[in-house]
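# Coordinate analysis (summary)
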Amino acid sequence: METNSSDRDSAAAPPPTSEEARAALEVLDTDASQLAGRLVSPWWYHLILGALVAAALGAQALPGVPAVSVIVMVIIWIPVMMQSYTSRYRISMTRPAGPRSKRMLLLILAVLAVLTGSVVVLKIASLLQWWVLLPAAVGFVATVMLGRRYDAVLRSEITDPAAEQR
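Quick notes on the rules
- Residues numbered from 1 in each chain as written.
- Predicted model: local features only at pLDDT ≥ 70, side-chain atom pairs only at ≥ 80, totals over all residues.
- Heavy atoms only, no water.
- pLDDT = per-residue confidence, 0-100.
- Helix = DSSP H or I, 4+ residues; strand = E, 2+ residues; numbered from the N terminus.
- Expected span 1.5 Å × (residues − 1).
- Buried < 20%, exposed > 50% of the residue type's maximum accessible area, 1.4 Å probe, protein only.
- Contact = heavy atoms within 4.5 Å.
- Core = buried A, V, L, I, M, F, W, Y, C linked by side-chain atoms within 4.5 Å.
- Polar contact = N/O pair within 3.5 Å; in protein donor to acceptor, adjacent residues only side chain to side chain.
- Axes fitted to C-alpha atoms, helices over the stretch in contact; angles between N-to-C directions.
- Parallel < 35°, antiparallel > 145°, perpendicular 65-115°, else oblique.
- Nonpolar A, V, L, I, M, F, W, Y, C, P; charged D, E, K, R; others polar.

### Focus on the confidence of the model for the chain
Looking at the chain, pLDDT values average 79 and 74% of them are 70 or higher. No element of the chain has a lower mean pLDDT than helix α1 (residues 5–12), at 55, and none a higher one than helix α3 (residues 45–58), at 92.

This is the structure in structure tokens:
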């Protein structure tokens, strides 16, 4: 009769003591704090992301081919920028760590969807093309401000995941 390898492991190693368990949890807390410290985006990250969002929204003020060219470039550059950040820092900013960061990410997406919708309405209403620059400016400010807030919420959830439940 064969014994299962997990049976041998559990028979050989006694369960950890409460002191050992506390020490292991302290190490995990330290790791979480160090990880949260790495989540600080460089000062230029949200500014460039905001500029790309503003360019995509503001491109609607341009006629035909130039507008499409700007939008294509933005569609290419946003994922490239996010991927380069993820590969450099080994952390993905698009994966929420908890309920607060998930709500914050959904808020950012909702604001951008409303701004995109407003640009479409302005185009359909045939208003002066320069009105499109207003949602573009709001998109820039919203991306920078909400992006930095998202970073802070994400860091706090990684540092203290139980804070939401208190």
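### Thoughts on helix α5 (residues 99–124)
The end-to-end C-alpha distance of α5, which contains 26 residues, comes to 37 Å, matching closely the 38 Å that a straight helix rising 1.5 Å per residue would cover. Within α5, burial applies to Ser 101, Met 104, Leu 105, Ile 108, Leu 115, Val 119 and Leu 122. Those residues of α5 hidden inside the fold are in contact with α3 and α6 (133–159). Directly beyond the C-terminal end of α5, a positive phi value near 55° is found at Ser 126.

### A look at the nonpolar core
Residues Val 53, Ala 54, Leu 57, Ala 61, Leu 115, Val 119, Leu 122, Val 132 and Ala 136 constitute the largest nonpolar core, which totals nine residues. If we ignore the near neighbours within four places in the chain, the residues touching Leu 57 are Leu 115, Thr 116, Val 119, Val 132, Pro 135, Ala 136 and Gly 139.

### Overview of the side chain of Thr 143
Here Thr 143 shows up in helix α6. In terms of polar contacts, Thr 143 uses its side chain to reach the backbone carbonyl oxygen of Gly 139, at 2.7 Å. Those residues in contact with Thr 143 that sit more than four places away from it in its chain are His 46, Leu 49, Gly 50, Val 53 and Leu 112.

### Section: the packing of α5 against α6
Between α5 and α6, the least distance of the axes is 9 Å, while the angle of their chain directions is 170°. Here α5 is positioned roughly antiparallel relative to α6, judged by the angle of their axes. A per-class count over the contact of α5 with α6 returns 17 nonpolar, six polar and three charged.

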